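Each chain, letter by letter, is given below.
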Amino acid sequence: MLACGDLPFDYLEYLVSRLDVPVLYVLGNHDPSLTPPDVTWASPIRSEPPASAGPQGCTNIEGRLVDVRGLRIAGLGGSIRYKQGPNQYSQAQMGWRALKLEFRIRLKRVRAGRKLDVLVTHAPPYGMADAKDSAHVGFVSILRLVQSFQPVLVVHGHVHPYGRVLPERHVRSTRIVNVVPSRLIEI
């Protein structure tokens, strides 16, 4: 099961315990930051709770490439920065994050002729969503990853079609699917 962000952690924990399948996730712009705050100059008396470790029993694939049941799956969470809050990035910041992921993918040995099978993101690749507002147009760097590695499938969230099922998009042979609110996809 793949989770594209903005899902409550207790819901993901419920799913992993009930379905007994691996749950891989990335963070969305409404999720809390999993990065511990810098307390170098803070008072020794804690004024805020520590950062969450994420949903128990689930695997955070932020910026990682993992092999699960014969598939190579990579993840990049977050959205375009449009207000204050965690897990939001400029195009340039996401570009650096995508470049680090690209190096990880290129360094991992090729199995079965593919370097990447599935890319899980929160925001869509640039231009692959119906949204025209700046918060939902997507990241250029994600589109570049799709063009470079041509995974079989890209799943994303972030764009909420409110009662409509958005059509699949394609970049060459790659299927791009908005999974909001949920989708069952065969590969």
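What you are looking at is a predicted structure, and each value in this text was computed from that prediction instead of being measured.

## Quick look at the sheet that holds strand S9 (residues 153-156)
And then number 1: Taking strand neighbours across the sheet as the criterion, the 6 strands line up as S4-S5-S8-S9-S11-S10 in an open arrangement whose pairing is mixed. Each end of this open sheet is capped by a strand with a single partner; those strands are strand S4 (65-68) and strand S10 (169-171). Here the average twist between neighbouring strands, direction ignored, is 25 degrees.
And then number 2: In the sheet, S4 pairs with strand S5 (residues 71-76) via 4 bridges, with the strands oriented antiparallel. Bridge assignment links Asp67 to a residue of S5, and that residue is Arg72.
And then number 3: Taken strand by strand, helix H2 (residues 91-107) contacts S4, S5 and strand S8 (118-121), and its axis lies near 160 degrees from that of S5.
And then number 4: Across the face of the sheet, helix H3 (residues 140-149) comes into contact with S5, S8, S9, S10 and strand S11 (174-178) while running at roughly 175 degrees to S8.

## Quick notes on helix H1 (residues 9-19)
And then number 1: Residues of H1 that are buried include every one of Phe9, Leu12, Leu15 and Val16, and no others. Along the long axis of H1, the arc covered by the buried residues comes to 120 degrees, so they all point the same way. Exposed residues pointing more than 90 degrees away from the buried face of H1 are listed as Asp10, Ser17 and Arg18.
And then number 2: In the core, the buried residues of H1 are packed alongside strand S1 (2-3) and strand S2 (24-25).
And then number 3: Backbone geometry just after H1 places Asp20 at a positive phi near 55 degrees.

Here is what the cut-offs are and how they apply
- Residues numbered from 1 in each chain as written.
- Predicted model: local features only at pLDDT ≥ 70, side-chain atom pairs only at ≥ 80, totals over all residues.
- Heavy atoms only, no water.
- Pairing = 2+ DSSP bridges.
- Helix = DSSP H or I, 4+ residues; strand = E, 2+ residues; numbered from the N terminus.
- Axes fitted to C-alpha atoms, helices over the stretch in contact; angles between N-to-C directions.
- Contact = heavy atoms within 4.5 Å.
- Buried < 20%, exposed > 50% of the residue type's maximum accessible area, 1.4 Å probe, protein only.
- Arc of directions from axis to C-beta.

Don't take any of this as a statement about function, it's just geometry.
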